[in-house]
Amino acid sequence: MTTAIALPELSAGTWNIDPSHSTVGFSVRHLVVSKVRGRFQAFTGTITVAADGTPSVAAEIDVTSITTDNAQRDGHLETADFFEVEKYPTATFVSTSVQPQGSDFVVTGDFTLHGVTKSIDLVLEFNGVNAGMGNGPVAGFEATTTINRRDFGLTIDMPLEGGGAVVGDKITLTLEIEAGLVS
């Protein structure tokens, strides 16, 4: 159920995510002491605002577009050890509610990754609306969440001799989104 809340300045209609001005990124602990960061280069999505101001979100990520700027690592991430992209080429998110939280919002939804669907909460900062550059208004958002990769069937164990693991379990997802009003 999506709760009727209004995001100030965000008019009713469909807002398409602009992938050329947006980022779907992630970070994960590596060798216990540092983080590897990456992103998905191909994704689509819409933010739909009903006449009563109720927002909803639907997005699809092309998991085959993963990049960590290291071809060898990216190739390994595509295998059955991790994302198994031949079998699970996409991840999806469909919101189920949007709730205010102070000056921010919590967007709850069903996230499907590696064939597993779990409810997640995205903490969302609404950055406002701008008139755009001649193609209509654009809105900006930043959202973050942390998921456990094991919850989504990404269970590879790569223990280190001195303790810990090559890849951590917690993955931070960071979304920087610009969306344009299309209708």
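Here is a short report on the structure shown in this document. No experiment lies behind these values; they were computed from the predicted model shown. (Residues numbered from 1 in each chain as written. Predicted model: local features only at pLDDT ≥ 70, side-chain atom pairs only at ≥ 80, totals over all residues. Heavy atoms only, no water.)

In terms of helices and strands, the chain carries one helix and 11 strands. Starting at the N terminus, the α and β elements of the chain follow one another as β-β-β-β-β-β-α-β-β-β-β-β. Taking 16 Å as the expected radius of gyration for a compact globule of 183 residues, we find that the chain reaches 17 Å, a close match to that expectation. If you line up the chain on its principal axes, its C-alpha atoms span 55 × 30 × 30 Å. Counting across all 183 residues of the chain, residues that qualify as buried make up 38%. Summed over its atoms, the accessible surface of the chain is roughly 9600 Å², and 52% of this surface lies on carbon and sulfur atoms. Of the side chains in the chain, 10 bear a positive and 22 a negative charge, and the two mean positions are spaced by 10 Å. (Helix = DSSP H or I, 4+ residues; strand = E, 2+ residues; numbered from the N terminus. Rg over C-alpha atoms; globule rule 2.2 N^0.38 Å. Buried < 20%, exposed > 50% of the residue type's maximum accessible area, 1.4 Å probe, protein only. Areas by Shrake-Rupley, 256 points an atom, 1.4 Å probe, with all protein chains shown as cover. Lys, Arg positive; Asp, Glu negative; His and termini not counted. Charge placed at Lys NZ, Arg CZ, Asp CG, Glu CD.)

This brings us to the pairing of strand β11 (residues 167-181). Within a regular strand, side chains alternate between the sheet's two faces. Judged from the three bridges that link them, strand β1 (residues 13-17) and β11 form a sheet pairing that is antiparallel. Each residue of the ladder has a partner; that of W15, found in β11, is L181. Pairing geometry for strand β2 (residues 23-30) and β11, over seven bridges, is antiparallel. Following the sheet pairing, F26 is matched in β11 by L173. Two elements, strand β10 (residues 138-148) and β11, share 11 bridges in a ladder whose sense is antiparallel. (Pairing = 2+ DSSP bridges.)

Looking at the element boundaries, T68 is found in the loop between β6 (66-67) and α1 (71-77). Side-chain polar atoms of T68 contact the side chain of R73, separated by 2.8 Å. Of note is the side chain of T68, whose polar atom sits 2.5 Å from the side chain of D74. Dropping the residues within four chain positions of it, T68 is found in contact with F26, V36, R37, G38, R73, D74 and L77. (Polar contact = N/O pair within 3.5 Å; in protein donor to acceptor, adjacent residues only side chain to side chain. Contact = heavy atoms within 4.5 Å.)

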